[in-house]
Amino acid sequence: MKNGHIIRKYLLAIGITLLVATNLKAQTSDFLTNQSVIKMVMARLSDEIIIDEINSSKVKFDLSADSVKILTEKNVSAEVIQAMKTISGMQTPAAATVVTSTATTPAAPSVAPAAETPVSLPVTTDPASTTAKENEVIEDHAIKFNVIGYVQPMKDLITFFDKEQAVFADLIHTWDGQIKDFIEKAKIINEKNLLLEKELTEKKSVESKKYSNEIIALKNSLTESRGNFKALKTNMLLDGVNIVKKLGELSKETDRATNDKFSEISRLVKKSNPNPFEAEISELQPVTKLKADMNVVYYVAPANVLLFFYQNEVVSLQNLMAFWSSKAEKIIQEDAEQGKKLDSLKSEIEKYAVNAKKNKTEIASLKKQCTVIVKDRKQLAKQMETDSDRLTVLLIKMSIEVRSILKERFDDIIENINYSYQEKLNI
């Protein structure tokens, strides 16, 4: 009774809330399409995993010249495209229908629409501009779907990158505010200088003798004001140096934190319970909407590139989690069905056991069927374990890639902010 209740609990949970982003497949969920393959590539799945998925699925690929060109542009490898061609040739026309035009083919449901066309982050190109949209909200980039079994630990990666994004957005906001304060003070001093220069010019033009005390006082005031302007500019340059220094420190801190987080998640995925019957099912909650000043002043605008990276990284992780959760879902459903059969067979054995001697043959046959089912369920558990191992390996590779990308982004931001201060400072 207890086993049956748990099985029904899983089936109910799967039936009511399991979206898993439509299995990264086409509208029917029974077929892989070009779009499905592209999404797997975007989720950073290895060619080996993608080809394995292609070979084990029904497909509806469009392999026309134009479509193959699009696949190539979307970074689908030649090996994967060849696998698509091979499986399309092997399957029956009903299962491997090749359409002639992508323009008339409905697109597969998107796991995360923002992944296909990342939202660019606007920046202020005018160095003198101080206009900003306060607390502009970046569109929520999370999708609710169920996270299953060994994929569960990856939820912390979503949270990690979401927090990193929010912290960095706050830094940009702070730096933007500091620079605007400099610019406003410079504007006031500059206006004062213009007035003093105008007044001095007028007085000098009518003075034919030695400069009067009034003119000398005005000259002194102008000299002092110009000194204040120069000091302000120097302080702003020093502020730029501090920002660049902070970015350098933050680059190292982020690298360590990212490495630690990926290592932690990889260990947890590896240690996850491989038993489909005991797999956890939980819903991925939307990440917090990011609020930031997106139209920042010129000098720190390059930093927005990192926000762009974090936003897309979250989308990529969602795609990846949806893919592996869909694989786990299939195994859990099959295990639940096998569990039902096993309960039914055990129930029949109990009935025959009332007169075991008379029903010896029937009981032996039923026990044999039970043995087969138990063996099949062990195989399903083994498959879950194998998949978790493959995901672990993928996460380790992702860690190296993500850290490399982060360093590249930080180095680029530092270079451009340093240039904007040292070469184009114009307040």
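The numbering scheme is per chain: residues are counted from 1 as the chain's sequence reads. It should be noted that, the model being predicted, local features are given only for residues of pLDDT at least 70 and side-chain atom pairs only at 80 or more, the latter also being counted only at that level, while totals for whole chains, interfaces and linings use all residues. Water and hydrogen atoms were dropped before computing side-chain values, which therefore reflect all heavy atoms in the structure.

(A) Summary view of the pattern of salt bridges. A side-chain nitrogen of Lys or Arg and a carboxyl oxygen of Asp or Glu constitute a salt bridge if their distance falls within 4 Å. Per the counting criterion, the structure on display carries 14 salt bridges. Across the pair Glu197 and Arg226 runs a salt bridge, and its minimum N-O distance is 3.0 Å. A residue pair is termed long-range when its members are at least 10 positions apart, and Glu197 in helix α6 (residues 155-206) and Arg226 in helix α7 (residues 213-271) qualify at 29 residues. Between Lys407 and Asp411 there is a salt bridge; the shortest N-O distance is 2.8 Å. Here Asp411 and Lys407 lie together in helix α9 (residues 360-422), a separation of four residues that amounts to about one turn. Overall, the relative accessible area of 37% leaves Asp411 in the partly exposed class. Comment: elements are numbered from the N terminus, with helices defined as DSSP H or I runs of at least four residues and strands as E runs of at least two. Only protein chains enter the calculation, and the probe is 1.4 Å; a residue is then buried if its accessible area is under 20% of its type maximum, exposed if over 50%, and partly exposed in between.

(B) Examining the side chain of Ser282 more closely. Within the element layout of this structure, Ser282 appears in strand β5 (residues 281-283). Within the local environment of Ser282, its side chain forms a polar contact with the side chain of Lys155, the two groups lying 2.8 Å apart. Any pair of residues with heavy atoms lying within 4.5 Å of one another is described as a contacting pair. Apart from residues no more than four positions distant in its own chain, Ser282 is found in contact with Phe145, Asn146, Val147, Gln152 and Lys155. Definition of a polar contact: a pair of N or O atoms within 3.5 Å, with one able to donate and the other able to accept a hydrogen when the atoms are protein atoms, and with sequence-neighbouring residues admitted only if both atoms are side-chain atoms.

(C) Up close: helix α4 (residues 65-73). Of the positions making up α4, those classed as buried are Ser67, Val68 and Leu71. Along α4, the residues classed as buried sweep out an arc of 100 degrees about the axis, all on the same side. Looking at α4, the residues exposed on the side facing more than 90 degrees away from the buried face are Ala65, Asp66, Lys69 and Glu73. Residues of α4 that are buried in the fold lie against α2 (34-42) and α5 (78-90). Here the arc refers to the directions that run from the helix axis out to each C-beta atom.

(D) Structural context of the nonpolar core. Residues Leu45, Ile54, Phe161, Phe168, Trp324 and Leu391 are the most contacted members of the largest nonpolar core, which totals 86 residues. Those residues within four positions of Phe168 in sequence are excluded, and the remaining contacts are Leu247, Leu250, Ala303, Leu306, Leu307, Tyr310 and Phe410. Leu342, Leu345, Cys370 and Ile373 belong to the second-largest nonpolar core, a separate cluster that totals seven residues. The nonpolar core is taken to be a set of buried Ala, Val, Leu, Ile, Met, Phe, Trp, Tyr and Cys residues, with the residues joined through side-chain atoms within 4.5 Å.

(E) Up close: the confidence of the model for the protein. Of the residues in the protein, 77% reach a pLDDT of 70 or more, and the chain-wide mean stands at 80. Along the chain, pLDDT gives the predictor's confidence residue by residue, from 0 to 100. With pLDDT under 50 throughout, residues 1-28 is counted as low confidence; its partners more than four residues away or in other chains account for 63 contacts. Per-residue pLDDT stays below 50 along residues 93-141; that stretch engages in 127 contacts with residues further than four places along the chain or on separate chains.

(F) Structural context of the side chain of Ser388. Within the element layout of this structure, Ser388 appears in helix α9. On the accessibility criterion, Ser388 (3% relative accessible area) is buried. Engagement of the side chain of Ser388 in a polar contact is seen with the backbone oxygen of Glu385, the distance being 2.7 Å. Excluding anything up to four places from it in sequence, Ser388 contacts Tyr150, Val269 and Ser272.

(G) A look at the packing of α7 against α9. In this analysis an axis means a line fitted to C-alpha atoms, helices contributing only their contacting stretch, and an angle means the value between N-to-C directions, from 0 to 180 degrees. With their axes 9 Å apart at the nearest point, α7 and α9 run at an angle of 180 degrees to one another. Between α7 and α9, the interaxial angle falls into the category roughly antiparallel. Oblique is the label for any angle not under 35 degrees, not over 145, and not in the 65 to 115 range, which are roughly parallel, roughly antiparallel and roughly perpendicular in turn.

(H) Just unusual backbone geometry, in detail. Of note, the phi angle at Asn75 is positive, near 70 degrees, even though the residue is not glycine. Residue placement: Asn75 occurs in the loop between α4 and α5. On the basis of relative accessibility, which here comes to 62%, the residue Asn75 falls in the exposed class.

(I) Region of interest: the environment of Leu194. Looking at the secondary structure, you find Leu194 in helix α6. Of the residues examined, Leu194 reaches a relative accessible area of 51% and is grouped as exposed. C-alpha of Leu194 to C-alpha of Leu222: the two residues are 28 residues apart in sequence and 9.2 Å apart in space.

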